[in-house]
Amino acid sequence: MFGDIPFIAAGILIVIGIVTIVTRHNLIKMVMGLAVVEAGVNLMLVATGYRNGGVAPIFTNAPSTDMVLPTVQAMTLTNIVIGIATTALLLSFVMIIYRKYGSADVRDMRRLKG
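Bear in mind the structure is a predicted one, so any value in this text is a computation, not a measurement.

I'm lost on the overall build of the protein chain in this one. Help?
Broken down by element type, the protein chain carries three helices and zero strands. When the 114 residues of the protein chain are sorted by exposure, 21% land in the buried category. Of the contacts formed within the protein chain by residues at least 6 apart in sequence, a portion of 52% connects residues at least 24 apart. Approximately 8100 Å² of the protein chain is accessible, and the part contributed by carbon and sulfur atoms is 70%.

Below, the structure is given as structure tokens:
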């Protein structure tokens, strides 16, 4: 029962982020929704690699017990770095759009439609 809580929390975070992206009209709030989705994916990755009673895989003379999966941890760190770069790029796009149109609201940018 309690082993499923991280997966449920990750699913809730992903759903909240997707709903924020779809329902909000402010570009900054949309980028924040994407960051919440990324946090949910990171939580799901970490929960996938967890083993009950496992030890950290950093020992050179490791005991013969179960270890948590280091591949998932490496993927999570990579996802964090990519998420930060993506968020920074999207926020720079939002700044450029704000300078051009004077608003970060998507409804005010109907001039983008060719």
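After that view, the rundown keeps rolling.
Please explain the packing of helix α1 (residues 5-23) against helix α2 (residues 27-49) as it appears in this structure.
The description of two helices packed together rests on the angle between their axes and the distance between the axes. As a packed pair, α1 and α2 sit with axes 7 Å apart at the nearest point and diverge in direction by 165 degrees. Here α1 lies roughly antiparallel to α2, going by the angle between them. Of the two elements, α1 crosses α2, and the hand of that crossing is left-handed. Taken together, the residues of the contact of α1 with α2 sort by class into 18 nonpolar, five polar and one charged.

Please explain helix α3 (residues 70-101) as it appears in this structure.
In an α-helix there are 3.6 residues to a turn, and that puts residues three or four apart on one side. Here α3 spans 46 Å end to end across 32 residues, near enough to the 46 Å set by a 1.5 Å rise per residue. Against α2 lie the buried residues of α3. One or two positions beyond α3, positive phi appears at G102, with a value near 75 degrees.

Would you mind showing me how to read the nonpolar core here?
As a rule of thumb, soluble globular proteins bury nonpolar side chains together. Listed in full, the five residues of the largest apolar core are L27, V31, V94, Y101 and M109. For this core, the secondary-structure elements that each account for two or more residues are α2 and α3.

Is there a simple way to explain the packing of aromatic side chains in this structure?
The geometry of two aromatic rings is summed up by the distance between their centres and the angle between their planes. Using the criterion set out here, one finds zero aromatic pairs in the structure. Between K100 and the ring centre of Y101, over which it is positioned, the NZ or CZ distance is 5.7 Å.

Help me understand α1 in this model?
Between its terminal C-alpha atoms α1 stretches 27 Å, which fits the 27 Å expected from 19 residues at 1.5 Å a residue. For α1, the set of buried residues is A10, I14 and G17. Buried residues in α1, looked at end-on, bunch into an arc of 65 degrees, giving them a common side. As for α1, its buried residues are in contact with α2.

Mind showing me how you'd approach a nonpolar patch on the surface here?
Together, I8, I12 and I16 make up a nonpolar patch on the protein surface, roughly 280 Å² of accessible area in all. With relative accessibility at 47%, the residue I12 sits in the partly exposed group.

Would you mind showing me how to read the pattern of salt bridges here?
A side chain with one charge may pair with a side chain of the opposite charge, provided their charged atoms come close. Using the criterion set out here, one finds one salt bridge in the structure. A salt bridge links D105 to R107; its shortest N-O distance comes to 3.0 Å. A relative accessible area of 45% places R107 in the partly exposed class.

Would you mind showing me how to read the packing of α2 against α3 here?
Across the interface, α2 lies against α3 with an axial gap of 10 Å and an inter-helix angle of 180 degrees. Here α2 lies roughly antiparallel to α3, going by the angle between them. Contacts between α2 and α3 involve L27, I28, V31, L34, E38, V41, N42, L45, V46 and G49 from the former and V72, M75, T76, N79, I80, G83, T86, T87, L90, L91, V94 and I97 from the latter. For the contact of α2 with α3, the class distribution of residues is 14 nonpolar, seven polar and one charged.

What counts, and where the lines are drawn
Residues numbered from 1 in each chain as written. Predicted model: local features only at pLDDT ≥ 70, side-chain atom pairs only at ≥ 80, totals over all residues. Heavy atoms only, no water. Helix = DSSP H or I, 4+ residues; strand = E, 2+ residues; numbered from the N terminus. Buried < 20%, exposed > 50% of the residue type's maximum accessible area, 1.4 Å probe, protein only. Contact = heavy atoms within 4.5 Å. Areas by Shrake-Rupley, 256 points an atom, 1.4 Å probe, with all protein chains shown as cover. Axes fitted to C-alpha atoms, helices over the stretch in contact; angles between N-to-C directions. Parallel < 35°, antiparallel > 145°, perpendicular 65-115°, else oblique. Left-handed = near helix turned anticlockwise from the far one by under 90°. Nonpolar A, V, L, I, M, F, W, Y, C, P; charged D, E, K, R; others polar. Expected span 1.5 Å × (residues − 1). Core = buried A, V, L, I, M, F, W, Y, C linked by side-chain atoms within 4.5 Å. Phe/Tyr/Trp six-rings, centres within 6.5 Å; stacked < 30°, edge-to-face > 60°. Lys NZ or Arg CZ within 6 Å of the ring centre and 35° of its normal. Arc of directions from axis to C-beta. Patch = residues over 30% accessible without salt bridge, like charges linked within 9 Å, V, L, I, M, F, W, Y side chains within 5 Å. Salt bridge = Lys/Arg side-chain N within 4 Å of Asp/Glu carboxyl O.

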